[in-house]
Amino acid sequence: MSKYQIATIEGDGIGPEVAQAAVRVLKEACGADTLHFEMLPGGADHYVQTGQVLPDDTYAACRQMDAILHGAAGVPGVVYPDGTEVGNDLHLRLRFELDLYANVRPIKLLPGVLSPLRAFDEGGIDYVIIRENTEGLYASRGAGVLLRDEFASDSLVITRKGTERVARFAFDLARRRRGAPRDGKSRVTVCDKANILRTYAFFRSVCDDVHRDYDDIEIDYAYADAITVHMLKRPDFYDVIVAENMFGDIISDLGAATVGGMGISPSGEIGDRYALFQGAHGSAPDIAGQNVASPIATILSGAMMLRWLGDTHGDTQASRHGDRIEAAVGRVLADRIAVPRDLGGEATCTEVTDAICKILANGESHA
Ligand code: IPM
Ligand code: MG
């Protein structure tokens, strides 16, 4: 396996705990001298101390290094005059300026995890939400209109370029997967509100244009309200879902809840040159510093990072280590070796991390 430099931003709340857990697991899986983790400042706490949520040196390091690993960011009450949260600008600046246009949100029911959707067990829910990550309703971040304390508006921005590339990412992913659990069909579901807004009708039409290059992949459509019902009643129908930014933000939390919650849900925010990996959860300030947060989402995000490095650099060993980490997490949960609180257990962040590292160290994780 090649050596890689990882820009590591622990951030706020539980961010340091879960990021440090992921670093431990990644070092255990890949060997201590393969990955160099450059610890970098950033987040709302840093903003309070220095006035910078994302220091220029941190941003520069993110551009220079091979990948970015992030814990979490955001502190309640640390907000701009317009009421929006400061901490989120760490993510949003990196997303917009590094052009991380595909926010990859796997929704996968792992061994040993009880879904609130009782009819489904391991492998019965296995799809990926591809959330467009640079425009949509988020394009207005900091640019909306606030008028005389009477009027506010934000704009929904859909571009052909932004939609084409995220749709192509979704179809390419569907081509690499094994299809939906229900029928094995390779399928991309376009999530929109094309029946109401011409922006979403445009989003859908661009996805249709891209689909012309993928006649081996089925295209499917679901309105954003309807898909929330389908994600609960027939989640096994889904293989890959592509959605505008805000819709993707919303449905990915719903999807996470069906496979164990935000504590187990990873994400990879991927562009053509850069990528950031973080749990899909927030900074959970209410449990910060108590060693009770689940590190699994960030550890699985680290596995996603290794697979992305593997794909990007043709490094099959990196990809295999990513698979080993996911398998080790599955073993720890399936055999209930160390189950975190949010999955019904009592294991601390440290105990979950220790258990995963032990399986990796003993070579018992066979991906
Ligand atoms: C997410 C989060 C972020 C978002 C926040 C933290 C900026 O909810 O990654 O899903 O709104 O995209
Ligand atoms: Mg979100």
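A quick note: this is a predicted structure, and the numbers were derived from the prediction, not measured. (Residues numbered from 1 in each chain as written. Chains lettered and ligands numbered in written order. Predicted model: local features only at pLDDT ≥ 70, side-chain atom pairs only at ≥ 80, totals over all residues. Heavy atoms only, no water.)

Draft legend 1. Representation of the nonpolar core in the model. Counting residues in each nonpolar core, the largest one holds 85 residues, and the members touching the most others are Ile 6, Leu 69, Ile 130, Phe 277, Ile 325 and Ile 356. Per element, the largest residue contribution to this core is 9 residues, and it comes from helix H9 (residues 296-313). In terms of domain composition, this core takes at least three residues from each of domain 1 (1-102 + 265-367) and domain 2 (115-259). Leave out the neighbours within four places in its chain, and Ile 6 touches Leu 35, His 36, Phe 37, Glu 38, Met 65, Ala 67, Ile 68, Leu 69, Met 305 and Leu 309. Formed by 20 residues, the second largest nonpolar core is a distinct cluster that contains Val 53, Leu 98, Tyr 274 and Leu 276. (Core = buried A, V, L, I, M, F, W, Y, C linked by side-chain atoms within 4.5 Å. Buried < 20%, exposed > 50% of the residue type's maximum accessible area, 1.4 Å probe, protein only. Helix = DSSP H or I, 4+ residues; strand = E, 2+ residues; numbered from the N terminus. Domains from an automatic or database assignment. Contact = heavy atoms within 4.5 Å.)

Draft legend 2. Just the sheet that holds strand S5 (residues 126-132), in detail. Read from one edge of the open sheet, 10 strands run S2-S1-S3-S12-S11-S4-S5-S10-S8-S9, paired in mixed fashion. The open sheet has two edge strands, strand S2 (35-39) and strand S9 (218-223), and neither has a second partner. On average, each strand axis in the sheet is tilted by 25° relative to the strand beside it, whichever way the strands run. Across 4 bridges, the pairing between strand S8 (residues 187-192) and strand S10 (residues 240-243) is parallel. Across the sheet, Cys 191 pairs through a bridge with Ala 243, a residue of S10. Lying on the sheet, helix H1 (residues 15-30) is in contact with strand S1 (4-11), S2 and strand S3 (67-72); it crosses S3 at an angle near 140°. Its contacts with the sheet put helix H5 (residues 160-176) on strand S4 (102-108), S5, S8, S9, S10 and strand S11 (266-270), and the angle it makes with S5 is roughly 165°. (Pairing = 2+ DSSP bridges. Axes fitted to C-alpha atoms, helices over the stretch in contact; angles between N-to-C directions.)

Draft legend 3. Focus on the pattern of salt bridges. Within this structure, the stated rule accounts for 24 salt bridges. We note a salt bridge from Asp 126 to Arg 177, for which the minimum N-O separation is 3.4 Å. With Asp 126 in strand S5 and Arg 177 in the loop between H5 and S8, this residue pair connects regions lying 51 residues apart in the sequence. Residue class for Asp 126 comes out buried when judged on its relative accessible area of 15%. What emerges from the salt-bridge pattern is a single network uniting Lys 108, Arg 307, Asp 323 and Glu 326. (Salt bridge = Lys/Arg side-chain N within 4 Å of Asp/Glu carboxyl O.)

Draft legend 4. Structural detail: the confidence of the model for the chain. Put simply, the chain has an average pLDDT of 96, and 99% of its residues get 70 or more. Across the chain, the element-wise mean pLDDT spans from 93 in strand S6 (residues 145-147) up to 99 in S10. (pLDDT = per-residue confidence, 0-100.)

Draft legend 5. Representation of a nonpolar patch on the surface within the structure. Together, Val 145, Leu 147 and Phe 151 line one region of the surface with nonpolar side chains, adding up to about 240 Å² of accessible area. Summarising the element assignment, Leu 147 is placed in strand S6. (Patch = residues over 30% accessible without salt bridge, like charges linked within 9 Å, V, L, I, M, F, W, Y side chains within 5 Å. Areas by Shrake-Rupley, 256 points an atom, 1.4 Å probe, with all protein chains shown as cover.)

Draft legend 6. Summary view of the packing of aromatic side chains. Applying the stated criterion to the full structure yields 6 aromatic pairs. The structure contains a cluster of three or more aromatic residues connected by ring pairs, namely Tyr 127, Phe 237 and Tyr 238. Against the face of Tyr 59 rests Arg 93, its NZ or CZ located 4.5 Å from the ring centre. In this structure, Arg 187 is placed above the aromatic ring of Phe 237, and the distance from its NZ or CZ to the ring centre is 3.9 Å. (Phe/Tyr/Trp six-rings, centres within 6.5 Å; stacked < 30°, edge-to-face > 60°. Lys NZ or Arg CZ within 6 Å of the ring centre and 35° of its normal.)

Draft legend 7. Spotlight on the environment of Gly 142. Along the chain, Gly 142 turns up in the loop between S5 and S6. Judged by relative accessible area, Gly 142 falls into the exposed class, the value being 72%. Each C-alpha atom, one on Gly 142 and one on Val 190, is 28 Å from the other, the two residues being 48 residues apart in sequence.

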